[in-house]
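# A closer look at the structure
Read off the chains here:
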Protein chains: 2
Amino acid sequence: MNPTIELMKSHRSIRQFTEQRIPRETLLELIRAGQAAATSSHVQAYSVIHVKNPSNRERIAELAGGQDYIVSCSDFLMFCADMKRPTEASERTGAAVTRGTTEQLLVASVDTALMAQNVALAAESEGLGICYIGGIRNNPEAISDLLRLPKHVYPVFGMCLGYPADEPDIKPRLPVEAILKEDVYEDDEAHVAAFDASMQRYYSERKGGNKSSDWSRNLTPLFATKLRPHMRDFLVERGFEMK
Amino acid sequence: MNPTIELMKSHRSIRQFTEQRIPRETLLELIRAGQAAATSSHVQAYSVIHVKNPSNRERIAELAGGQDYIVSCSDFLMFCADMKRPTEASERTGAAVTRGTTEQLLVASVDTALMAQNVALAAESEGLGICYIGGIRNNPEAISDLLRLPKHVYPVFGMCLGYPADEPDIKPRLPVEAILKEDVYEDDEAHVAAFDASMQRYYSERKGGNKSSDWSRNLTPLFATKLRPHMRDFLVERGFEMK
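Bear in mind that the values here come from a model prediction, so they are computed numbers and not experimental data.

What counts, and at which threshold
Sequence order as written defines residue numbering, which begins from 1 separately in each chain. As they are written, the chains are lettered A onward and the ligands numbered 1 onward, keeping that order. Local features are withheld for residues below a pLDDT of 70 in this predicted model, meaning they are given only at 70 or higher, and side-chain atom pairs are given and counted only at 80 or more; totals for whole chains, interfaces and linings count all residues. Side-chain metrics in this entry use all non-hydrogen atoms of the structure; hydrogen atoms and water are not considered. By definition, two strands form a pair when at least two bridges between them are found by DSSP. Here a strand is any run of E in DSSP of at least two residues, a helix any run of H or I of at least four, and the numbering for each starts at the N terminus. For every element, the axis is a line fit to its C-alpha atoms; helices are fit only across the contacting stretch, and the angle between N-to-C directions ranges from 0 to 180 degrees. Residue contacts are defined here by distance: any two heavy atoms, one from each residue, within 4.5 Å place the two residues in contact. UniProt positions are given in the numbering used here, feature names are shortened, and annotations may be inferred rather than shown by experiment. Put plainly, a pocket is an open set of points on a 1 Å grid over the protein atoms alone with protein on both sides within 12 Å along at least five of seven lines, a cavity is a set where a 1.4 Å probe fits but cannot get out, and a lining residue has an atom within 4 Å of a point. Grid points are joined across faces, edges and corners, and a volume is the space filled by probe spheres set on the points. All copies are superposed by least squares; the fitting set is the C-alpha atoms of residues with a pLDDT of at least 70 in both. The buried label applies to any residue whose accessible area, calculated with a 1.4 Å probe on protein chains only, is under 20% of its type's maximum; exposed applies above 50%, and partly exposed to all values in between. What the arc describes is the spread of directions from the helix axis to the C-beta atoms. Within 3.5 Å is the distance limit for a polar contact, defined as a pair of N or O atoms, with the added protein rule that one can donate a hydrogen and the other accept it, and that residues adjacent in sequence qualify only through two side-chain atoms. By buried area we mean the combined loss of accessible area, with a 1.4 Å probe, across both parts when two parts are placed together. A carboxyl oxygen of Asp or Glu within 4 Å of a side-chain nitrogen of Lys or Arg is what we treat as a salt bridge. Classification convention: Asp, Glu, Lys, Arg as charged; Ala, Val, Leu, Ile, Met, Phe, Trp, Tyr, Cys, Pro as nonpolar; all other residues, Gly among them, as polar.

### Observations regarding the sheet that holds strand β1 (residues 46–51) of chain A
The strand order β3(A)-β4(A)-β2(A)-β1(A)-β5(B) describes an open sheet built from five strands, whose pairing is mixed. The outermost strands of the open sheet, each flanked by one partner alone, are β3 (129–133) of chain A together with β5 (180–182) of chain B. Averaged over all pairs of adjacent strands, the angle between their axes in this sheet comes to 30°, without regard to strand direction. Two elements, strand β2 (residues 75–82) of chain A and strand β4 (residues 153–162) of chain A, share eight bridges in a ladder whose sense is antiparallel. Opposite M78(A), over in β4(A), you have G158(A) as the bridge partner. Set on the sheet, helix α3 (residues 54–63) of chain A makes contact with β1 and β2 of chain A; between it and β2(A) the angle comes to about 70°. Lying on the sheet, helix α5 (residues 84–92) of chain A is in contact with β1, β2 and β4 of chain A together with β5 of chain B; it crosses β2(A) at an angle near 45°.

Encoded structure:
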């Protein structure tokens, strides 16, 4: 196992940070590392808002469901899928441009995620800890207004970055045999059952507060209600009509 | 610049590979590294189909628009967003489950991309070259049938992996100042103009065949037609109704 793979496998979300601040040059270097990730047809369909204003960070922490580490981390970044820049660039060449397709929504969301994962790992390679914040999609409209996001730009997730003040356990993952399938999709119910058993052990023993649950039971709140039912209307209103 | 960030910045898509094959244990290690990436609420909404059957690889190369390296690379992986596994796991606990929301499409697509970017970088850390294949979305239905993907699973992109037989130039990226914005979204037209000028130089000088173009002009074919207009209906038919 080489050091890069070792670094990946030591990932855990960090939610407690020291007072130490990330130097500006380091932050720029992380973004450049992010930009080096593959991008669909070179479209680079992303922008990152570096939220520095303290009251905006407090407001985002509330809007994301009370996640205080958005305030206490050194730096908070909002990763946005950005179809405004490439479509407008194309339009300025005189082309008649199509916007709002499902394909474009996917391209921009995937581009943003590839870029962000490089930023996350680059940060960890510098001794920083990170936490993705999907909770910003609880209130994407208020957040978009706060950051003055224009049409054809939407916030996909946030990311807290800082120097770790905690070392939580590494959360187990499904067995690789469930994920990697040969030639055709095959069901993996047996692997899920085995994983549920190991997650039950993990939850009963872990450092950060134990509970009686397993993977399948833990997912239930996600699917038993319609999570973030506003996302469709929000995206349509922002110009991602999913045509 | 530490070695991990250096590795990220040396990324280029590789489309020519030697005959050398990737050991099975290495491939498993890459997938495990992928799984170590952050995942929304631990949902791990992805599956990877390792396409070994040579005639299936030929068929996918055709369906992706004649991309021969899908055949000539050592290993071809199809990265699929998988909402089947988590929703069924949740259902087996007795929960009434909601499927097909826009939020779930985003969660699964982003989860898949985060995971894949770790796989890509892990591969590069082992001296391999990779190329993402978004072209599989040209014919997602035929590909889904070929790989027997069930409902609530869709192919997001493929990835070619192998030992590089080529060292193409590294493609420039937009200036970091265009991507990283402070507190609010601000237009970046001036940065785009500067980038167009530098891309024009790049295209006129690069090793792998030069042309007269720039970033903005190069994007036009993507937006001047409705690229992959079938994606919406395809996803709906596969159970991603974007409710």
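Having seen the structure, we can now continue with the description.
### Observations concerning the UniProt feature "domain: Nitroreductase" (unreviewed entry) in chain A
UniProt marks residues 9–163 of chain A with the feature "domain: Nitroreductase" (unreviewed entry), using the numbering shown here. Split by type, residues 9–163 of chain A is 43% helix and 19% strand. Its first and last C-alpha atoms lie 18 Å apart.

### Here's the deal with empty space enclosed by the protein
Overall, the coordinates contain five cavities of 30 Å³ or more when judged by the stated rule. By volume, the largest cavity is sized at about 80 Å³. Looking at the largest cavity, the residues that line it are L222(A), F223(A), L227(A), S40(B), V43(B), M83(B), T101(B), E103(B), Q104(B) and V107(B). Put simply, the parts of the chain that give the lining of the largest cavity at least two residues each are α10 (215–224) of chain A together with α6 (102–125) of chain B.

### Structural notes on the relation of the copies chain B and chain A
What relates the pair of chain copies is a rotation about an axis plus a shift along that axis. Its rotation angle being 180°, the transformation that places chain B on chain A also includes 0.0 Å of axial translation and leaves an RMSD of 0.0 Å. A rotation of that kind, with that shift, is consistent with a two-fold axis. The overlap is high: 100% of the interface residues of chain B also sit at the interface in chain A, so the same surface is used on both sides.

### Details of unusual backbone geometry
For residues that are not glycine, phi is negative in most cases, and the peptide bond is trans in most cases. Positive phi, close to 65°, is recorded for H42(A), a residue that is not glycine. H42(A) sits in the buried class, given a relative accessible area of 3%.

### Side note on α3(A)
Residues and elements named next belong to chain A. Turning to α3, its buried residues are N56, R57, I60, A61 and L63. End-on, the buried residues of α3 take up no more than an arc of 165°, which puts them together on one face. Among the exposed residues of α3, those pointing more than 90 degrees away from its buried face are P54 and E62. Where α3 is buried, its residues contact β1, α4 (69–72), β2 and α7 (140–146). The backbone nitrogen of S55 lies 2.9 Å from a side-chain oxygen of the residue at the head of α3, namely N53. Where α3 terminates, the next one or two residues include G65, which has phi positive at roughly 95°.

### Looking at the sheet that holds strand β1 (residues 46–51) of chain B
With mixed pairing, the five strands of this open sheet are ordered in space as β5(A)-β1(B)-β2(B)-β4(B)-β3(B). At either end of the open sheet lies a strand with only one pairing partner, and these are β5 (180–182) of chain A together with β3 (129–133) of chain B. Here the strands of the sheet are splayed against their neighbours by 30° on average, with no regard to which way each runs. Bridge count between β3(B) and strand β4 (residues 153–162) of chain B: five bridges; the pairing is antiparallel. Looking at the pairing, I133(B) lines up with G158(B) of β4(B). Running at roughly 70° to strand β2 (residues 75–82) of chain B, helix α3 (residues 54–63) of chain B makes contact with β1 and β2 of chain B of the sheet.

### Observations regarding the interface of chain B and chain A
A common way to express how large an interface is: the accessible area buried when the components associate. In this complex, chain B contributes 114 residues to the contact, which on the side of chain A involves 114 residues. For the pairing of chain B and chain A, the buried interface totals around 9,900 Å² over both sides, and the portion due to carbon and sulfur atoms is 62%. Scanning the region where chain B abuts chain A turns up 16 salt bridges. Among the salt bridges present, the one from E103(B) reaches R228(A), with a minimum N-O distance of 2.7 Å. There are 57 residue pairs in polar contact (both at pLDDT 80 or more) connecting chain B and chain A. By residue class, the composition of the side of chain B that touches chain A is 63 nonpolar, 25 polar and 26 charged.

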